[in-house]
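An overview of the molecular structure
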2 protein chains.
Amino acid sequence: MKLSTKGRYGLRAVLDIALNQDEGPVTIHSISERQGISERYLEQLLITLRKNGIIRSIRGFQGGYVLNRETKDISVGDVVRALEGPISPVECVEEGRSGVCNRIDICVTRNIWEELRKAMNQVLDSYSLEDLVRMFKEKNCNKNKEDINNNIDHINNNFDININKKIDLIID
Amino acid sequence: MKLSTKGRYGLRAVLDIALNQDEGPVTIHSISERQGISERYLEQLLITLRKNGIIRSIRGFQGGYVLNRETKDISVGDVVRALEGPISPVECVEEGRSGVCNRIDICVTRNIWEELRKAMNQVLDSYSLEDLVRMFKEKNCNKNKEDINNNIDHINNNFDININKKIDLIID
DNA sequence: TTAAACCCTACAAAGCCTATAGGTTTTATA
DNA sequence: TATAAAACCTATAGGCTTTGTAGGGTTTAA
């Protein structure tokens, strides 16, 4: 019951594009470096995402990838489904596949899988790339604040130590 | 993002036991026949379920399997987790595995996976075997009612046809 | 004693995941 | 127009997991 790397890497790649496309098309090479994913593998994921209308490519020199819709109009579910196919715990509850099984009228476990499928899609569709971008910026900002605070603490501690030493010296 | 046959077959097997254990321990052979799952494969699943405390075995002649707890105290989640391991879209949000990834404080996709994990477990834990048994009986009952109604309709139709024929004869 | 069940270990085919490799096409710019 | 950067395409291969199959035990109760 796991996502494959396609879905995980792919979402990170799309978020990376969202965060960096202001400075022009985002190249596979640069995503690869920032995200630590092989260029060759990334290439396949991005082609799939393009074919599914999530991103758009600009070919040739100074080309790269940009989002094909606004961040608010791309959900996490869109990205995952593009790369992994339908999000569903079993085949028989995928849309348009009720014919897969001839025991539908007897099967009760199917009801559970159907509810699970809905819940999964609901969670993933409730987050847009816009949300992820905001979350990222908040986290990064807080992280910077923490870093700064840690530095200040560090400086203060050193200051205390030093001033005490000096006071000691003065007192002495 | 699919369950394996372990989880699907296993849940059906456990439900089968729940439905049939009133007449004594349920044998692998009988589950295999009713559910259309190979005895040998079923055997492995049932051993796993026994080791996880879901079912209990009675060995020897006229042995078989019974549930180890009441139906209301066994959730679908219990069964699936016993057979498939933790229900989680990615490793890094499984309980006690936050150390898997060193990017937790930067990673925002993780937040999504964590919420997805919770939602999945919540759905599966909200259904007990008791619920499944009730659902099964309702479905079966309705199915029988339908069958009976269909039969009655059929008989009525034939009666109409026949009575009309007779009336025609009389009129003639 | 023996039938009928459970128990254990090994293994193998098939499919999917996770890339890797080599080559082609497109395009801005010098 | 040449060049280099970049996306694009197809094939393939190693490894892992799934999905069983097979053969041989062990235990129990009639």
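Predicted model, so just to flag it, every value in this text is computed and none were measured.

All right, on to the overall build of chain A then. Each helix and strand counted, chain A has six helices and two strands in total. Each helix (α) and strand (β) of chain A, taken in turn from the N terminus, gives the series α-α-α-β-β-α-α-α. Burial statistics for chain A: of 172 residues in total, 29% are counted as buried. Long-range pairs, those at least 24 residues apart, make up 60% of the contacts in chain A between residues at least 6 apart in sequence.

Take the protein's contact with DNA strand C next. Taken together, 24 residues lie around DNA strand C, and S4, S38, R40, G60 and F61 of chain A are the ones closest in. Mapped by element, the contributors of at least two residues to the surface near DNA strand C are α1 (5–20) and α3 (39–51) of chain A together with α2 (28–35), α3 (39–51) and β2 (64–67) of chain B.

The subject of this paragraph is the interface of chain B and chain A. On the chain A side, the residues contacting the 30 residues of chain B number 30 residues. Those elements that place two or more of their residues in the side of chain B that touches chain A are α1 (5–20), α4 (76–84), α5 (109–125) and α6 (129–171) of chain B. Looking at the side of chain B that touches chain A, the element that brings in the most residues is α5 of chain B, giving nine residues. Across the side of chain B that touches chain A, the residue classes break down as 20 nonpolar, two polar and eight charged.

Moving on: the pairing of strand β2 (residues 64–67) of chain A. Residue and element names in this part refer to chain A. Where strand β1 (residues 55–58) meets β2, four bridges bridge the pair, whose relative direction is antiparallel. The residue bridging R56 from the neighbouring strand is V66, located in β2. Counting the residues in the hairpin turn of β1 and β2 gives five residues, including G60, whose phi is positive at 80°.

All names here are of chain A. The domain architecture assigned to chain A consists of domain 1 (1–85), domain 2 (86–127) and domain 3 (129–172). The partner domain 3 presents five residues to the seven residues of domain 1 that form the contact. Broken down by class, the residue content of the side of domain 1 that touches domain 3 amounts to five nonpolar, one polar and one charged.

Another point: the protein's contact with DNA strand D. Close to DNA strand D lie 25 residues, the nearest being I28 and S57 of chain A together with S4, S38 and G60 of chain B. Ranked by residues supplied to the surface near DNA strand D, first place goes to α3 of chain A with four residues. Tallied by class, the residues present in the surface near DNA strand D amount to seven nonpolar, 12 polar and six charged.

To continue, consider the confidence of the model for chain A. Per-residue confidence for chain A gives a mean pLDDT of 88; residues scoring 70 or more make up 84%. Within the model, pLDDT remains below 50 along residues 165–172 of chain A, and this stretch shows zero contacts once partners closer than five positions in the same chain are excluded.

In this section: the relation of the copies chain B and chain A. Screw-axis analysis of chain B against chain A gives a translation of 0.0 Å along the axis, an RMSD of 0.1 Å, and a rotation angle of 180°. Here the copies are linked by what is in effect a two-fold axis. Considering only C-alpha atoms, the part of chain B nearest the rotation axis is M1 of chain B, at 2.6 Å. A high fraction, 100%, of the interface residues of chain B reappear at the interface in chain A, so the copies pair face to face through one surface.

It is worth spelling out the packing of α1 of chain B against α2 of chain B at this point. Residue and element names in this part refer to chain B. Contact geometry for α1 and α2: axes closest at 10 Å, N-to-C directions at 115°. By the angle class used here, α1 and α2 are roughly perpendicular. Like other packed secondary-structure pairs, α1 and α2 cross with a definite hand, here right-handed. Note on element contacts: α2 touches α1 through I31, R34 and Q35, opposite R12, A13 and D16.

Glancing now at the packing of helix α5 (residues 109–125) of chain A against α5 of chain B. Two elements in contact, α5 of chain A and α5 of chain B, have axes separated by 9 Å at closest approach and are oriented at 160°. Taken together, the axis directions place α5 of chain A and α5 of chain B in an arrangement best described as roughly antiparallel. For α5 of chain A against α5 of chain B, the interelement crossing comes out right-handed. Here E115, L116, A119, M120, V123 and L124 of chain A of α5 of chain A lie close against α5 of chain B, whose contacting residues are E115, L116, A119, M120, V123 and L124 of chain B. By residue class, the composition of the contact of α5 of chain A with α5 of chain B is 10 nonpolar, no polar and two charged.

Before going further, it helps to examine the environment of Q44 of chain A. All names here are of chain A. Relative to the assigned elements, Q44 resides in helix α3. Among the residues examined, Q44 registers 12 C-beta atoms within 10 Å and is labelled exposed. With 38 residues separating them along the chain, Q44 and K6 place their C-alpha atoms 9.3 Å apart.

Here we come to the environment of R34 of chain B. Secondary-structure assignment places R34 of chain B in helix α2. Each C-alpha atom of the pair R34 of chain B and G53 of chain B lies 23 Å from the other, and the pair is 19 residues apart in sequence.

Residues and elements named next belong to chain A. The backbone phi angle of Q62 is positive, close to 60°, even though this residue is not glycine. The residue Q62 is located in the loop between β1 and β2 in this model. You can call Q62 exposed: it has 8 C-beta atoms within 10 Å.

All names here are of chain B. Summarising the element assignment, I54 is placed in the loop between α3 and β1 (55–58). Overall, the presence of 24 C-beta atoms within 10 Å leaves I54 in the buried class. Beyond its immediate stretch of four places on either side in the chain, I54 contacts V14, L49, N68, I74, D78, V79 and A82.

Conventions we followed
- Residues numbered from 1 in each chain as written.
- Chains lettered and ligands numbered in written order.
- Predicted model: local features only at pLDDT ≥ 70, side-chain atom pairs only at ≥ 80, totals over all residues.
- Helix = DSSP H or I, 4+ residues; strand = E, 2+ residues; numbered from the N terminus.
- Buried ≥ 20, exposed ≤ 12 C-beta atoms within 10 Å, placed from the backbone.
- Contact = placed C-beta atoms within 7 Å.
- Near = placed C-beta within 6 Å.
- Nonpolar A, V, L, I, M, F, W, Y, C, P; charged D, E, K, R; others polar.
- Pairing = 2+ DSSP bridges.
- Domains from an automatic or database assignment.
- pLDDT = per-residue confidence, 0-100.
- Least-squares fit on C-alpha atoms with pLDDT ≥ 70 in both.
- Axes fitted to C-alpha atoms, helices over the stretch in contact; angles between N-to-C directions.
- Parallel < 35°, antiparallel > 145°, perpendicular 65-115°, else oblique.
- Left-handed = near helix turned anticlockwise from the far one by under 90°.

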